[in-house]
Amino acid sequence: MTTTAITNIGSLVTNDPALGDGSPLGLIENAALVIDGDRIAWAGPAGEVPAADTAYDAAGRAVIPGFVDSHSHLVFAGDRTAEFNARMSGRAYSAGGIRTTVAATRAAGDAELEANLVRHLDEARRQGTTTFETKSGYGLTTADEARALRIAAAHTEEVTYLGAHIVSPDYAEDPAGYVDLVTGEMLAACAPYARWVDVFCEKGAFDGDQARAILTAGAAAGLIPRIHANQLSHGPGVQLAVELEAASADHCTHLTDADVDALAQGSATTVATLLPGAEFSTRARWPDARRLIDAGATVALSTDCNPGSSYTSSMPFCIALAVRDMRMTPDEALWSATAGGARALRRTDIGTLTPGARADLVLLDAPSHVHLAYRPGVPLVSGVWQRGVRVH
């Protein structure tokens with residue numbers, strides 16, 4: 001198996017305090033690393049790099065772990081430009097806009113849905129994302145949800161069943177009947193393609209009792225819970241996530257002190273995944289990352305890429321938003337977009353650049369990771385390695 005040494009790294013983020021400066025980022029200045037196949041074989045000071053078959057000169061630039069985008073909605077068709085335009089003109093965001101995408105997705109063929117998914121994945125990869133989670137949720141029939149997950153599963157192992165995105169328009173007068181479908185026939189058809197089960201616990205979507213029933217049924221089918229929680233208002237989502245030991249409570253915008261305490265106490269199990277692209281795109285209140293971090297919660301950052309409320313695939317953009325508007329430091333934001341996302345997916349093989357980890361890494365056209373927030377909107381990603389292969 002061929003080994004490759006990446007040398008002359010100005011600043012290497014390993015996310016392993018034992019390898020570097022003792023900080024959570026495990027920072028090593030004037031560094032090098034060695035890739036062996038699809039794994040990291042060695043990381044450390046440039047002067048100690050072992051021999052390798054080939055070498056790549058980083059020319060003093062920074063290297064970071066590949067971004068781990070642990071929350072996206074990429075199996076869809078259609079466009080919600082008109083909705084965005086209206087919202088920017090003063091109309092408030094609500095969960096109801098999802099129905100527009102449901103209609104377009106149902107009408108699309110498999111090839112169209114897959115081509116759209118691949119286009120967005122390529123777009124994200126060019127911006128440094130090497131692991132992504134994606135969900136169903138725009139079909140809301142058994143056949144459409146199953147095909148969305150089948151298409152997604154051909155491109156990522158992190159696939160989430162979200163039949164409970166909203167109540168299907170077909171069941172507008174019978175929400176209980178739709179919950180029965182989601183926890184019964186639809187779950188049985190979708191579980192073979194998914195690792196996770198999710199629910200939008202929010203006014204206009206599913207209440208706490210419905211969310212509990214859906215997540216419990218998913219868990220009984222072998223899927224691991226995660227939940228859209230407390231995005232638009234205060235609600236039971238965060239408490240339910242911690243109670244059910246969900247891997248992630250996502251959004252976490254409207255939190256009580258009790259919610260923050262619960263996330264801190266459950267930090268080893270349930271990650272608070274913050275999605276600043278949604279607040280940017282809806283002009284909503286920003287999640288208070290500083291409050292969560294100071295309380296001891298584990299925080300991840302993700303794009304929430306979707307056609308309605310956060311149509312961005314850029315993790316660097318979300319890092320810049322988190323630093324500017326959510327009171328995170330540049331170090332915290334980068335950790336949350338890499339190691340934090342890995343935690344939200346319960347993965348130990350990604351999000352770090354330590355021996356044995358998957359060789360997913362990003363070369364920045366900058367001397368430091370701080371430039372991701374310091375130079376917002378600038379395309380700083382100049383190289384991406386995924387499973388040890390340079391893909392961009």
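Note that the coordinates shown come from a computational prediction; the quantities given were computed from them, not determined experimentally. (Residues numbered from 1 in each chain as written. Predicted model: local features only at pLDDT ≥ 70, side-chain atom pairs only at ≥ 80, totals over all residues. Heavy atoms only, no water.)

1. Section: the environment of Thr 7
Here comes step 1: Note on placement: Thr 7 falls in strand S1 (residues 3-13).
Here comes step 2: Residue classification places Thr 7 among the partly exposed residues on the basis of a relative accessible area of 23%.
Here comes step 3: For the pair Thr 7 and Ala 342, spaced 335 residues apart in the sequence, the C-alpha separation amounts to 26 Å. (Helix = DSSP H or I, 4+ residues; strand = E, 2+ residues; numbered from the N terminus. Buried < 20%, exposed > 50% of the residue type's maximum accessible area, 1.4 Å probe, protein only.)

2. A closer look at the side chain of Gln 386
Here comes step 1: Positionally, Gln 386 belongs in strand S16 (residues 381-386).
Here comes step 2: Residue Gln 386 is classed as buried on the basis of its relative accessible area of 18%.
Here comes step 3: For Gln 386, the side chain forms a polar contact with the main-chain oxygen of Thr 130, separated by 2.8 Å.
Here comes step 4: What Gln 386 contacts, discounting residues up to four positions off in sequence, is Arg 125, Thr 130, Ala 359, Asp 360 and Val 391. (Polar contact = N/O pair within 3.5 Å; in protein donor to acceptor, adjacent residues only side chain to side chain. Contact = heavy atoms within 4.5 Å.)

3. Looking at the nonpolar core
In a soluble, globular protein the nonpolar side chains are often hidden away together inside.
Here comes step 1: Of all hydrophobic cores here, the largest spans 84 residues; its most connected members are Tyr 161, Phe 206, Ile 227, Leu 263, Leu 292 and Leu 301.
Here comes step 2: Looking at which element gives the most residues to this core, the answer is helix H4 (residues 142-153), with five residues.
Here comes step 3: Residues in contact with Leu 301, not counting those within four places in the same chain, are Val 68, Leu 274, Pro 276, Met 315, Cys 318, Ile 319, Ala 322, Met 326, Met 328, Ala 333, Ser 336 and Ala 337.
Here comes step 4: Listed in part, the 16 residues of the second largest apolar core include Ile 9, Ala 31, Ile 40 and Trp 385. (Core = buried A, V, L, I, M, F, W, Y, C linked by side-chain atoms within 4.5 Å.)

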